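Take a look at the letters that make up each chain.
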Amino acid sequence: MAPSTHGNLVLLTGAGISAESGLRTFRDADGLWENHRVEEVATPEAFRRDPALVYRFYNERRRSLATVQPNAAHRALARLERAWQGPFLLVTQNVDDLHDRAGSRQLLHMHGELLKGRCLACGAVQAWPGDMDQDSRCPTCQRAPVRPHIVWFGELPLDMDRIYDAVERCDVFVAIGTSGHVYPAAGLVQAVAPGTRTLELNLEPSLVASAFGEARTGRATDLVPAFVDELLGG
Ligand code: APR
């Protein structure tokens with residue numbers, strides 16, 4: 001059953017939605033994890049062992065944001081949010097700012113944000129547009145270095161209470177551009193109530209595609225605007 005624009009809508013996005021903007025995904029050919037070992041750059045242990053390497057990895061990724069723009073899929077989700085009259089939540093695993101720049105506001109970055117830093121002493125999170133290193137001091141307490149505001153492997157994703165609460169109440173759950181390798185994001189589709197419409201939009205069936213009621217394959221810039229038109233027109 002197609003819901004009206006008053007239904008309760010939750011969308012989950014992953015690296016695939018930013019791929020056509022020019023940002024590499026993690027697990028596709030030439031993905032970030034093909035060129036880097038996760039445990040060397042994306043774990044608390046890596047940061048303790050070789051902070052300079054970890055700062056450098058995230059500095060490069062932060063700089064790359066200046067070279068990319070939101071694409072038609074990001075824009076379509078911002079349009080959907082503006083037109084939607086019921087509860088709406090966009091949950092992204094992406095640490096880029098392309099949803100923000102496209103105009104999405106009901107947005108949670110469950111794996112953190114490249115453009116923010118977190119103080120290692122007081123925990124304050126603040127905007128951090130430039131490079132970061134061991135000498136970068138927290139602007140709030142001036143006591144300690146900052147780390148990238150990124151959820152590393154072995155750490156708890158952010159805002160999970162709000163996310164589960166929204167997922168458990170939603171009428172429609174849509175996952176876009178995510179491979180289904182990383183939990184808890186990959187398991188959110190299992191948390192919906194019986195009867196919820198679930199839909200996957202991805203270049204290829206994800207690892208958890210069979211948990212969705214419907215799976216469409218193709219490029220995000222084709223599938224997402226078409227799906228948004230369908231939802232708003234229906
Ligand atoms: N359109 C739609 N889907 C695409 C496109 C595209 N143009 N290009 C690639 N994809 C799909 C791929 O087929 C793949 O299934 O996007 C998915 C990207 O998967 P991953 O690289 O595993 O990215 P993601 O699922 O977001 O990873 C989850 O893993 O290491 C981490 O913390 C990191 O948030 C990330 C998490």
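Predicted, not measured: the structure shown is a model, and the values here were computed from it. (Residues numbered from 1 in each chain as written. Predicted model: local features only at pLDDT ≥ 70, side-chain atom pairs only at ≥ 80, totals over all residues. Heavy atoms only, no water.)

A. Fine view of the overall build of the protein chain. Check the secondary structure of the protein chain and you find nine helices and nine strands. Since a compact globule built from 234 residues should have a radius of gyration of about 17 Å, the 18 Å found for the protein chain is in line with a globular shape. Overall, the C-alpha framework of the protein chain stretches about 55 × 35 × 30 Å when taken along its three principal axes. Burial analysis of the protein chain (234 residues in total) assigns 53% to the buried set. Of the contacts formed within the protein chain by residues at least 6 apart in sequence, a portion of 64% connects residues at least 24 apart. Of the roughly 11000 Å² that the protein chain leaves accessible, carbon and sulfur atoms contribute 50%. With 24 positive and 29 negative side-chain charges, the protein chain shows a separation of 5 Å between the mean positions of the two kinds. (Helix = DSSP H or I, 4+ residues; strand = E, 2+ residues; numbered from the N terminus. Rg over C-alpha atoms; globule rule 2.2 N^0.38 Å. Buried < 20%, exposed > 50% of the residue type's maximum accessible area, 1.4 Å probe, protein only. Contact = heavy atoms within 4.5 Å. Areas by Shrake-Rupley, 256 points an atom, 1.4 Å probe, with all protein chains shown as cover. Lys, Arg positive; Asp, Glu negative; His and termini not counted. Charge placed at Lys NZ, Arg CZ, Asp CG, Glu CD.)

B. The arrangement of the nonpolar core in detail. Within the largest apolar cluster, 25 residues are counted, with the highest numbers of intra-cluster contacts made by Trp33, Ala42, Tyr58 and Trp152. Among the secondary structure elements, those contributing two or more residues to this core are helix H2 (32–35), helix H3 (38–41), helix H4 (44–49), helix H5 (51–64), strand S4 (112–119) and strand S6 (146–150). Of the residues forming this core, the biggest block, four residues, is contributed by H5. Leave out the neighbours within four places in its chain, and Ala42 touches Trp33, Tyr58, Trp152 and Phe153. Counting residues in hydrophobic clusters, the runner-up holds 22 residues, among them Ala76, Val174, Val224 and Phe227. (Core = buried A, V, L, I, M, F, W, Y, C linked by side-chain atoms within 4.5 Å.)

C. Region of interest: helix H9 (residues 220–233). With 14 residues, H9 should cover 20 Å at 1.5 Å per step; its first-to-last C-alpha distance of 19 Å lies within 8% of that length. Residues of H9 that are buried in the fold lie against strand S1 (9–13), helix H1 (16–19), helix H6 (72–83), strand S7 (172–176), strand S8 (197–202) and strand S9 (214–217). (Expected span 1.5 Å × (residues − 1).)

D. Broad picture of the side chain of Arg118. Along the chain, the position of Arg118 falls in strand S4. Within the buried core, Arg118 has no salt-bridge partner, and the shortest N-O distance to an opposite charge, that of Glu155, equals 5.1 Å. There is a polar contact of 3.1 Å between the side chain of Arg118 and the side chain of His149. (Salt bridge = Lys/Arg side-chain N within 4 Å of Asp/Glu carboxyl O. Polar contact = N/O pair within 3.5 Å; in protein donor to acceptor, adjacent residues only side chain to side chain.)

E. Summary view of the environment of Ile17. Mapped onto the fold, Ile17 is located in helix H1. A C-alpha to C-alpha distance of 8.3 Å links Ile17 and Asn71, two positions 54 residues apart in sequence. Beyond its immediate stretch of four places on either side in the chain, Ile17 contacts Asn71, Ala73, His74, Leu77, Asn94, His99, Ile176, Gly177 and Ala220.

F. Just the sheet that holds strand S5 (residues 125–127), in detail. Strand order in this open sheet of three strands is S5-S4-S6, and the pairing throughout is antiparallel. A strand with exactly one partner marks an edge of an open sheet, and here the two such strands are S5 and S6. This sheet shows a mean twist of 45° between the axes of neighbouring strands, independent of strand direction. Of the strands in this sheet, S4 and S6 touch H5, which is tilted by about 55° from S6. (Pairing = 2+ DSSP bridges. Axes fitted to C-alpha atoms, helices over the stretch in contact; angles between N-to-C directions.)

G. The pattern of salt bridges, seen in detail. Scanning the entire structure with this criterion turns up 14 salt bridges. Put simply, Glu214 and Arg197 hold a salt bridge, and the shortest N to O gap is 3.5 Å. You can see Glu214 sitting in strand S9 and its partner Arg197 sitting in strand S8, a full 17 residues away along the chain. Where Glu214 meets Arg216, a salt bridge forms, and the shortest distance between an N and an O atom there is 2.8 Å. One network of salt bridges, with partners in common, ties together Arg197, Glu214, Arg216 and Glu230.

H. Focus on the site of the ligand. Close to the ligand lie 23 residues; Phe26, Arg27, Trp33, Thr178 and Ser179 are nearest. Separating an oxygen atom of the ligand from a side-chain N or O atom of Thr178 is a distance of 2.7 Å. In isolation the ligand has 740 Å² of accessible area, and contact with the protein removes 95% of it. (Near = heavy atom within 4 Å.)

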